[in-house]
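Summary of the model geometry
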Amino acid sequence: MSSLRRYLPEHDLMYFGPSPAVYHCHHFNLFLDQTIDDALGFEAGSRLRFLAGREFAAPLLAGVAEQSGATTPAERLELASKLFAGMGHGRIQLSADARGGDAKGSFLHYGYSWSQKYGQIVKRKQPADAFGAGFAAAAAEVALGLQPESMAAHETECVAMKAPGCTFQLKPGERGVRLPPVGEAEVGKQINPTFNGLYEEVIQPITKGLRDFTAPVQGDERGLVQAFGVFVTLHLAGYYNRISYEAVQQVEKKAPQSVGVLEDLLRESGHVCVFNTFGGILLSPEWEGMVGPLTGEPLPIVEGCMAIARALGFGRWTIAEFEPGKRLVVRAPCSYESVFYRSRYGKAPRPNEYFLQGACLAIAQLAHRVDWKAKPMLTQEFYNALFRGGPLPWKVEQPKSTACGHTISEVVVTRNEGARA
Amino acid sequence: MAQESVREAVNDVPSLRAVFVTAMPDCLLYDSWVRPEETWAAEDAASYFGDLVRANREGLRALKSWSAEMQVTIESADVLMIVRELRGDFVVTLAFQRDVPLGMVRLHAKRVMERLDQILPTLEAQQRPRAVKITEFLEKYAPDPHAALHRVALRTGIPLGTLRKPEQLETTQVALLEASVCDILGLESLSL
């Protein structure tokens, strides 16, 4: 697993095998999937999530199979199961031939973490593992040498619906549209010259330490990575980007009045991710051992968050300005969002790195609104207490984005005067 | 004034930790008394007891066992609670220390209910718009309450600003709101 992970070190982007990849937690994964379904409805939303999972899993599986010398269908299906678990997505057993087949999953990341986070509060009526379905379909295509985008998969039972496990039916489906790939070569064409920001002497060593720490991490006996109070996945950046940007495009066509709300929720998925995952890392004994105890001052939190973002493969986030209590400006030569957008769609009409925006907003909130010395539990109740009701004390804007053709991406977070503390 | 009345009604009840009076049918906190050493926030708890009694009533009706005299007893790890509907206007919740014998709790509860029945006024049924009740219900039970209204806006196409004034929603918008809230909460219908 660790030999498949590579960084583009000057840009802090990550590849897993041939595929652009990032680490993301279950808070982000669940909230983003939910937002896609809210935007498009469950049928269209889950179909888009399946298509994106299948599209981006296929080159990963083909590349890793070739690299590892797996040639027979059995070898390749076995390899797919190992990769899936190693990436923290749970255990899946695949059985398929050209006429179709089935897959059985246990502890699948989406369904299992949904049941852990929401299962006591909400009764779910639809399955949660469209990414798993896409991965299973891609595994069958690659293992059997089938045409890309030719295998369909449907989740018929899901732990999020209180089934004992997850079950998928695979069968040849209507051929999907083949979209231009967004792999390493395409990403390479979209990156701008890199640069450093303030406090690099602090940020870069922490980034390296975190990369070394995460290098051997892979799924446990359940196929899950549980760390820092969250379930973590090594995930395909293309999956996140395709579902986010296609959802925005579809809503722009069908319900343009709702685009702003969708963008708010896409930002929120970044916000909830950073709050929980970055916050969990900052509060961990591993962090204290590597960096030292938290002082309670805002600057070390911001520095730490830049390092965490880089180590997770989000891009070279740099501090351009930081005035505690007033203003944070983060710049990057590109992000995992912008390189995808430029490659697949061309220039964006407006800055649209939603994850970067929500993440920087959360970093400002973490730096100023959390009493780190008290080592708070990052619970849903704590999150609600900080962020429920408004207006919030910080606001975010993105004046520049490499997705738009600017030479840098820039996000500005400022104090919202007159808002609650 | 009401605060004094509730306090007076319970001031000689030993081992009582709190009393919450919830106005029905809207499940809003009407009055409360909480022992000073407790850290409970009455506003956070009271509405849930109203919903509890309403759900209990519907369940008993489904079993054809409903009667106005029902009360709910909750025995949790560290508290013993009696929840009872009073005249249809109120739900009264009494929270006792866990180690008090149940028979004693019932005796105290009966006496307190009789006193409160004398003290509490008859409420005029307040006809609040259904959309207001739906929105309150959503914000109370949604898994991500800070984002709940955004989710409804995205699902329904109703602008966020319009949803923030639920009393002004049109009939078709109320239907859309209710359907989306049912979906978000995984419910077949809302018994409001």
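Residues numbered from 1 in each chain as written. Chains lettered and ligands numbered in written order. Predicted model: local features only at pLDDT ≥ 70, side-chain atom pairs only at ≥ 80, totals over all residues. Heavy atoms only, no water.

Let's shift gears to the overall build of chain B. When helices and strands are counted, chain B shows 7 helices and 5 strands. Secondary structure of chain B in N-to-C order comes out as α-β-β-α-β-β-β-α-α-α-α-α. Principal axes of the C-alpha set define a box for chain B whose edges measure 55 × 40 × 35 Å. Across the 192 residues in chain B, those meeting the buried criterion constitute 49%. (Helix = DSSP H or I, 4+ residues; strand = E, 2+ residues; numbered from the N terminus. Buried < 20%, exposed > 50% of the residue type's maximum accessible area, 1.4 Å probe, protein only.)

Turning our eyes to something else, we now look at the overall build of chain A. Within chain A, the regular secondary structure consists of 14 helices and 13 strands. Expected size for 421 residues packed as a compact globule is a radius of gyration near 22 Å; at 21 Å, chain A falls within 12% of this value. With the C-alpha coordinates aligned to their principal axes, the bounding extent of chain A is approximately 60 × 50 × 45 Å. Within chain A, counting contacts between residues at least 6 apart in sequence, those at least 24 apart form 72% of the total. Accessible area for chain A stands at about 16200 Å²; split by element, carbon and sulfur atoms hold 53% of it. Counting 43 positive and 43 negative side-chain charges, chain A places the centres of these two groups 3 Å from one another. (Rg over C-alpha atoms; globule rule 2.2 N^0.38 Å. Contact = heavy atoms within 4.5 Å. Areas by Shrake-Rupley, 256 points an atom, 1.4 Å probe, with all protein chains shown as cover. Lys, Arg positive; Asp, Glu negative; His and termini not counted. Charge placed at Lys NZ, Arg CZ, Asp CG, Glu CD.)

Moving on to the interface of chain A and chain B. Tallying the contact residues gives 23 residues for chain A and 19 residues for chain B. Taken together, the two surfaces of chain A and chain B that pack against each other cover about 1800 Å², and 57% of this comes from carbon and sulfur. Of all residues in chain A, Asp38(A), Lys125(A) and Arg388(A) give up the largest surface area on contact with chain B, accounting jointly for 29% of the area buried on that side. For the interface between chain A and chain B, the tally reads 3 salt bridges. Here Lys125(A) ties to Glu188(B) by a salt bridge, and the two come within 3.6 Å at their closest N and O atoms. (Buried area = accessible area lost by both parts, 1.4 Å probe. Salt bridge = Lys/Arg side-chain N within 4 Å of Asp/Glu carboxyl O.)

The strands that make up a sheet pair up through hydrogen bonds in the backbone, lying either parallel or antiparallel. Residues and elements named next belong to chain A. Ordered by their spatial adjacency, 4 strands build an open sheet running β4-β5-β7-β6, and the pairing between neighbours is antiparallel. Strand pairing shows two members of the sheet lacking a second neighbour, β4 (91-97) and β6 (151-157), which therefore form its edges. On average, adjacent strands in this sheet sit at an angle of 20° to one another, irrespective of strand direction. Note: β4 against strand β5 (residues 100-106), 7 bridges, orientation antiparallel. Across the sheet, residue Asp97 finds its bridge partner in β5, namely Gly100. (Pairing = 2+ DSSP bridges. Axes fitted to C-alpha atoms, helices over the stretch in contact; angles between N-to-C directions.)

Quick look at the pattern of salt bridges now. Overall, the coordinates contain 33 salt bridges over all chains when judged by the stated rule. Via salt bridges that share partners, Asp38(A), Arg151(B), Arg155(B) and Asp183(B) belong to a single interconnected network.

Looking now at the environment of Thr73(B). Residues and elements named next belong to chain B. Note that Thr73 resides in strand β3 (residues 71-75). Separated by 88 residues in sequence, Thr73 and Gly161 place their C-alpha atoms 42 Å apart. Those residues in contact with Thr73 that lie beyond four places of it in its chain are Leu80, Met81, Ile82, Leu102 and Arg106.

Glancing now at the packing of helix α4 (residues 130-141) of chain B against helix α7 (residues 171-185) of chain B. All names here are of chain B. At a minimum axis separation of 10 Å, α4 and α7 run at an interaxial angle of 20°. In terms of their interaxial angle, α4 and α7 are classed as roughly parallel. Helix-helix and strand crossings are classified by hand; for α4 and α7 the assignment is left-handed. The segment α4 lies against α7, with Arg130, Ala131, Ile134, Thr135, Phe137, Leu138 and Tyr141 engaging Val174, Leu177, Glu178, Val181, Ile184 and Leu185. (Parallel < 35°, antiparallel > 145°, perpendicular 65-115°, else oblique. Left-handed = near helix turned anticlockwise from the far one by under 90°.)

Moving on, we come to the side chain of Asn276(A). Residue and element names in this part refer to chain A. Relative to the helices and strands, Asn276 is located in helix α9 (residues 259-282). A distance of 2.8 Å separates a polar atom in the side chain of Asn276 from the backbone oxygen of Val272. Those residues in contact with Asn276, other than ones at most four positions away along the chain, are His27, Phe228, Val230 and Leu378. (Polar contact = N/O pair within 3.5 Å; in protein donor to acceptor, adjacent residues only side chain to side chain.)

Residue and element names in this part refer to chain A. Enumeration over the complete set of coordinates arrives at 0 disulfides over all chains. Cys166 takes part in no disulfide bond, and the closest cysteine sulfur to it belongs to Cys158, at a distance of 4.2 Å. The class of Cys166 is buried, set by a relative accessible area of 2%. No disulfide involves Cys404; its nearest neighbouring cysteine sulfur is the one of Cys334, lying 14 Å away. In this structure Cys404 comes out as buried when scored by relative accessible area, which is 14%. (Disulfide = S-S within 2.5 Å.)

For the structure on display, the rule yields 32 aromatic pairs over all chains. Joined through ring pairs, the aromatic side chains of Phe28(A), Phe84(A), Tyr110(A), Phe131(A), Phe135(A), Tyr239(A), Tyr240(A), Phe278(A), Phe314(A), Trp317(A), Tyr336(A) and Phe355(A) make up one cluster. It is Arg222(A) that lies over the ring of Phe107(A); its NZ or CZ is 6.0 Å from the centre. Above the plane of the ring of Tyr48(B) lies Lys140(B), whose end atom (NZ or CZ) is 5.9 Å from the centre. (Phe/Tyr/Trp six-rings, centres within 6.5 Å; stacked < 30°, edge-to-face > 60°. Lys NZ or Arg CZ within 6 Å of the ring centre and 35° of its normal.)

Turning to the side chain of Ser46(A), a few remarks are in order. Residues and elements named next belong to chain A. If you trace the backbone, Ser46 turns up in helix α2 (residues 42-68). Taking the relative accessible area as the measure of exposure, Ser46 reaches 14% and is therefore buried. A distance of 3.3 Å separates a polar side-chain atom of Ser46 from the backbone oxygen of Glu43.

A separate point is helix α14 (residues 380-387) of chain A. Residues and elements named next belong to chain A. Along α14, the residues that are buried comprise Tyr383, Asn384, Leu386 and Phe387. Down the axis of α14, the buried side of the element spans an arc of 165°, and every buried residue falls inside it. Relative to its buried face, α14 has exposed residues pointing more than 90 degrees away, namely Glu381 and Ala385. Looking at the packing, one finds that the buried side of α14 touches α9 and α13 (354-369). (Arc of directions from axis to C-beta.)

A few words on the confidence of the model for chain B. Per-residue confidence for chain B gives a mean pLDDT of 87; residues scoring 70 or more make up 96%. The secondary-structure element of chain B with the lowest mean pLDDT is helix α1 (residues 2-10) of chain B, recorded at 71, while helix α5 (residues 148-156) of chain B shows the highest, at 97. (pLDDT = per-residue confidence, 0-100.)

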